Every structure is written in structure tokens, then in C-alpha cells.
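Now for the letters of each chain:
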Amino acid sequence: EMEATGSARSCSSVPVTLLSGFLGGGKTTLLRHVLENRRGLKVAVIVNDMAELNFDAELVQMDAVLRADDNLDVVEFSNGCVCCERSELADAIRELCSGTKEFDHIIIESTGMADPAATAKTFGLQRAAHLDAVVTVVDAHSFFANLNSIDVVRKQRSAKENNKTDKRSLALLMAEQVEFANVVIVNKVDLVGKNELERVVASVKALNPSARVFETTRSTVPLKEVLGTGLFEYDGEAASAETETEHEHEHEHKTAVGVETLEGLTYSPKSYGVSSFVFRSRRPFHPMRLHRLLKCSDEPLPGVVRSKGTSWLASHDFFKTEWASAGTYFEIRPSQPWFCYIHEKHWGHVDRDKVLADFVDGVGDRRQEIVIIGTHLDETKLTAVLNSCLLTDGEFAAGPESWSKLEGADEWSS
């Protein structure tokens, strides 16, 4: 339990906990647990639900009524997704803090399809409150089903919320929700066996080595682990206050912590079978061979939970491609032109020495640089599999004009 200590905090420094996670994972159960055990802590709750009926908000509000709780304010946020409508979210927070009541803490329960990295940007120039922690709740029972889902986000949204242009995959969204968290609650552990739970926890730690991970039933966790933690650290990107409408943030998941190598951790990755390595090459992928590996295999890269980085596809030689995977879902899409194809005077405000450090004679900065994270990885075998998808010596020598006509080029055209 957590007790209020002293008077309420000043509204200029109210800490905020952001609850993230898929639908049905246990966010509302966690919220109710916190509210029922906070012992006098003055809390405001913002509940984001895109359905026509904000059932979660009504549920929390009724709990407060039944307990005659005057230290709780519940705000329904039904104007859109909190990660998209950040200006509206900022207005709601300012309104709470400018009222007659003072609060010790604000809790935001986001919709299951929200991106916490984008939501965090609300607090970049927010003077009324600051982000204290991002807490992601995952359902142990459905974790791997979601991680391997081929669905896209728009299929899971309500009719009101639906955005036909939102093509983010559920697998990548869940991975990013875990990666950006300070605290991950692996919930519903009573619904899985010991071995399955170990696999889930290992995968979570692979996605986010620095997060605090708790295994729970009904989201029961000590309140000190989710309130007043001081765990969230701002960086330039998370603190950006630029406003987006709709789902422009689908290209912005750069602040995720789970795609780095696993050096300097406070726990032993080996105890969970977790490891990582970086696949590097100065030769492009053959479009058809890569397609057959990633799209036509039941388990393309055994043991890989997450991979992310820059790739070089021969048929799309001018552009670097963004490589991202979660579970068995893979996404490769064109990004920016390689620097070697841009005249140096048009490079803009970049660190020239850093860019040139990536240059190799005859190749420029074109390369494969992909972080591979997973459990019980066979680095030698995985490297060999990826190498088998690269151009052969003869194909490489034929040059870019020939590469554009390679079999399978159209498989990556969308």
C-alpha cells in the first residue's frame, strides 16, 4: 500500500504514470488495484477509450462513488487516441492542474492501440506535470499469439477510432509498447505453465533489458513500483512537442531501448537464454531470396524475438530500407536515400565525419546493420542464413542497373 505523505504536491510538478498495453492485458485491473490501495493519495485518472461507451472510465468512477472517495477525479478522454491527440491530452492535464483540487499523482490509462513513445512527447514542454513512469501490462497467456500476429492495428480499432491508413502491425506495436516501458507487468501468469512463463519473461527482457519486470496475477504489484518511481528519463526525441494528427507517429519509434546490444546489464542475460548480436555486411540482399526466407518460412530466424536496423535491398538500391521484426512478423520499407547518392552539399546539418566513417570504397555508406535479439540464439547459423540471402559475387559485380531487374523486385514494391 502507499500512503500520502504531507500535503499534495504542487501542480507544477505532478508526476504522471502512463499505463500501456494491449486490450485485455490487465491495465484497468492494475488501475483499480492502485486506486483501491493508495490510502489517501490524491489521484486524477485520465481514461482513454475509443469505443462509443467509455466503460473503463465508468467502472473506475463507480468504484469511487461506492467508496465515497473524494480524493479521486476521473476524466474520460474520448476525443481520439492519446498518442495522436497530444494537444488535447495536454489541455486535459492543464485543466486538472489549474482547478481547485491539488493532486499527488495523475494516472493515464491509454487505449490498447496507443504508442507510449508518441504519448510521452506530450510532456516535453508540459509545465503542469511530468512523466514519472511508463508501465506496460502484457498478457502472458496471449503474448506469443500477439507477437506473431499478422494483423494490422486498424483491424483492432473501433469504427469510431479506425484510421484506414494505419498499417502498423500488432506485433511491432506490442514490441514497441514493451521496449519503451520503464516497468513491464507480465500479467495472468496463472494461465500459463512454468516453461511458457519463462519464455515470456525471457522475451520481455530481450525486448527491454533495462525495464523492471514483475510477474502478476490480476496485476497485483506494489504501488511503489508504479507510482513515484522517477524512472522515466527525457531525451530530445521524447521531449519533442511538435504536434501530429492521425498516426504520423508510426515512423517514430526511435526511443525504444530494447534494440541495443545487451552489454552492461544489471541482470545476467544468459540466465534467461537471452543474447544479441549485430548482423553486418557490405553486400545487398537479393529480393527473392530474402522474400522466400522472411515471407515463406514458418520460422525464418529461429529464436529471434526482435530485430531492427538498416538494410540494403539490391532491387531498391537508391534507398536504405528500415528493417523491423517482432516474433515472426517482418517489415521492410524504404527510408531515406543513402548518403553516397546525395551530393555532399545537400547533406544538411549532419556530422560529416560520422557519415564518412560509414563509407567504404566502391560501396559508400550502403550496408546491412541489423540488431538481432532473442533467446537461445545460434549466431553462426543465423548469420549463415542471412548471408545466403545476399547477392553472389557474380550478381554483385553486375551492378545496380542489373539489380533493379532481379527476380522478386516487385515483392518489395509496396
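It should be emphasised that the depicted structure is a prediction, and the values quoted were computed from it without experimental measurement.

Conventions used here
- Residues numbered from 1 in each chain as written.
- Predicted model: local features only at pLDDT ≥ 70, side-chain atom pairs only at ≥ 80, totals over all residues.
- Heavy atoms only, no water.
- pLDDT = per-residue confidence, 0-100.
- Contact = heavy atoms within 4.5 Å.
- Helix = DSSP H or I, 4+ residues; strand = E, 2+ residues; numbered from the N terminus.
- Buried < 20%, exposed > 50% of the residue type's maximum accessible area, 1.4 Å probe, protein only.
- Core = buried A, V, L, I, M, F, W, Y, C linked by side-chain atoms within 4.5 Å.
- Pairing = 2+ DSSP bridges.
- Polar contact = N/O pair within 3.5 Å; in protein donor to acceptor, adjacent residues only side chain to side chain.

**What to know about the confidence of the model for the protein chain**
Step number 1: Across the protein chain, the average pLDDT comes to 79, with 75% of residues at 70 or higher.
Step number 2: This stretch, residues 3-11, has a pLDDT under 50; its non-local contacts, to residues over four places away or in other chains, come to 22 contacts.
Step number 3: This model gives residues 50-55 a pLDDT under 50, and the stretch forms 13 contacts once residues within four places in sequence are excluded.

**Quick look at unusual backbone geometry**
Among all residues except glycine, the phi angle is most often negative; among peptide bonds, the trans geometry is most common.
Step number 1: Even without being a glycine, Lys-188 presents a positive backbone phi close to 60 degrees.
Step number 2: Secondary-structure assignment places Lys-188 in the loop between strand E6 (183-187) and helix H8 (194-207).
Step number 3: Positive phi values are uncommon outside glycine, yet Ser-219 reaches one of about 55 degrees.
Step number 4: Tracing the backbone through its elements, the reader meets Ser-219 in the loop between strand E7 (212-215) and strand E8 (274-281).
Step number 5: A residue is classified by how much of its surface remains accessible, and Ser-219, at 0% relative accessible area, is buried.

**So, the nonpolar core**
Note on soluble globular proteins: their nonpolar side chains tend to be buried together.
Step number 1: Membership of the largest hydrophobic core comes to 30 residues, with the highest contact counts inside it found for Phe-143, Leu-147, Val-184, Val-186 and Val-204.
Step number 2: Residue assignment for this core shows that the elements contributing at least two residues are helix H5 (143-147), helix H7 (170-179), E6, H8 and strand E10 (319-326).
Step number 3: If we skip the residues at most four places from it in the chain, Leu-147 touches Ala-171, Met-174, Val-305, Ala-326, Gly-327 and Thr-328.
Step number 4: In terms of nonpolar packing, the next biggest core, distinct from the first, is built from 22 residues, Ala-44, Ile-93, Cys-97 and Phe-232 among them.

**Thoughts on the pairing of strand E9 (residues 304-311)**
Step number 1: Across the eight residues of E9, seven count as buried, placing the element largely inside the fold.
Step number 2: Pairing of E9 with strand E12 (residues 368-375) involves six bridges; the strand directions are antiparallel. The residue of E12 that forms the bridge with Thr-310 is Glu-369.

**Comments concerning helix H1 (residues 27-36)**
Step number 1: Of all 10 residues in H1, seven are buried, a share of seventy percent or more.
Step number 2: Among all positions in H1, only Lys-27, Thr-28, Leu-30, Leu-31, His-33, Val-34 and Leu-35 are buried.

**Things to note about the environment of Leu-231**
Step number 1: Topologically, Leu-231 is positioned in the loop between E7 and E8.
Step number 2: In this structure Leu-231 touches Asp-132, Asn-182, Val-183 and Arg-212, once residues within four positions along its chain are discounted.

**Focus on the side chain of Asn-182**
Step number 1: Structurally, Asn-182 is set in the loop between H7 and E6.
Step number 2: A distance of 2.8 Å separates the side chain of Asn-182 from the backbone nitrogen of Val-134, its partner in a polar contact.
Step number 3: Apart from the residues within four sequence positions on either side, Asn-182 is in contact with Ala-133, Val-134, Ala-211, Arg-212, Leu-231 and Phe-232.

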